[in-house]
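# Survey of secondary and tertiary structure
So the chains spell out like this:
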Amino acid sequence: MKISIIGAGLIGGSMALKLREKGIADFIYGIDNNQQHISKALELKIIDAGTDLEYGVKNADFIIIAVPVDAARKLLPDVLDLISDHQTVMDAGSTKAGIVNSVKDHPKRSRFVAFHPMWGTENSGPASAVSDSFSGKAGVICNKEESASDALQLVEKVAENLDMHLIYMNAEDHDVHTAYISHISHITSYALANTVLEKEREEETIFQLASSGFSSTVRLAKSHPEMWVPIFKQNKENVLDVLNEHITQLRKFKAALEKENYEYLEELITNANRIRGILR
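So, here's what we can say about the structure. Worth saying up front: this structure is predicted, and the values here are computed from it rather than measured.

### So, the side chain of Thr95
- Tracing the backbone shows Thr95 in the loop between strand S5 (88-91) and helix H5 (97-101).
- Side-chain polar atoms of Thr95 contact the side chain of Gln234, separated by 3.3 Å.
- Thr95 has contacts with Val69, His174, Asp175, His183, Ile231, Gln234 and Asn235, leaving out every residue within four places of it along the chain.

Take a look at the structure:
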């Protein structure tokens, strides 16, 4: 099978490595506006050739769109314009409703499968790609009833070869859930990093005293804005909803400390500890 990866970075590159390793991909094209990404992906043998969008789409059996969600939303209709009835297109975006709605009336809509691999890091680019990145992680397929059965089966096979377990849901529900378990984590991390950078002006002190707890909490603050601003934009209403609840929770901690209500503070922490039974 010939595969074209649009966006030869962290996600696309990691998928390419694993699918080649599993023998699913006979030849992999890389398509990216950043020619340094193409050069690096070739050097690392992530892809076999770099090419332009039209050639890469028309000459592949399977196309993976792994670019920021705003770019994916604009690009997907153009990709579907180029394909035949025997090709399959999959995206890997962290928001789904906007992407799905961008092609709801497209005549080739059934050749597209909306997919979200629930994995990512604060790093970017093909040099950060790792073949086993998706092993044991969830892969979400949205609005499966809108995809042709053979296209759906191919994406399910790809997910299986990425060693992922599949979850099915509609795009709107997906965006609500990811706002709570993914998007708010990034906003919290950015905010905490800004708080520390504002109040602690001595970088050497931050470096010397930062514990593993702080480092793990602000790890996501290293994530690039070109990826995350579009996610927050496309999922704005859901992110605002969870952000309002998060602010409410922060105010509870603030009030408990201001009023020296340490019994209530303990209650808040004890309630939060229930997450242990959910996340192991």
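This is not the end of the story, as more comes after the structure.
### Let's talk about the environment of Asp61
- Inspection of the secondary structure puts Asp61 in the loop between helix H3 (53-58) and strand S4 (62-65).
- Asp61 sits 47 residues away from Ser14 along the chain, and the two C-alpha atoms are 19 Å apart.
- The contact partners of Asp61, leaving out residues within four places of it in the chain, are Met1, Lys2, His86, Gln87 and Thr88.
- Within the local environment of Asp61, its side chain forms a polar contact with the backbone nitrogen of Lys2, the two atoms lying 2.8 Å apart.

### Describing the nonpolar core
- In terms of nonpolar packing, the biggest core is built from 35 residues, with Ile11, Met15, Leu19, Phe62, Ile64 and Phe115 touching the most fellow members.
- Where this core is concerned, the elements lending two or more residues are strand S1 (2-6), helix H1 (10-21), helix H2 (35-43), S4, strand S6 (112-117) and helix H6 (149-161).
- No other element matches the six residues that H6 contributes to this core.
- Core analysis: the next-biggest nonpolar cluster, separate from the first, contains 33 residues, Ile83, Ile187, Trp228 and Val242 among them.

How each quantity is defined
- Residues numbered from 1 in each chain as written.
- Predicted model: local features only at pLDDT ≥ 70, side-chain atom pairs only at ≥ 80, totals over all residues.
- Heavy atoms only, no water.
- Helix = DSSP H or I, 4+ residues; strand = E, 2+ residues; numbered from the N terminus.
- Polar contact = N/O pair within 3.5 Å; in protein donor to acceptor, adjacent residues only side chain to side chain.
- Contact = heavy atoms within 4.5 Å.
- Core = buried A, V, L, I, M, F, W, Y, C linked by side-chain atoms within 4.5 Å.
- Buried < 20%, exposed > 50% of the residue type's maximum accessible area, 1.4 Å probe, protein only.

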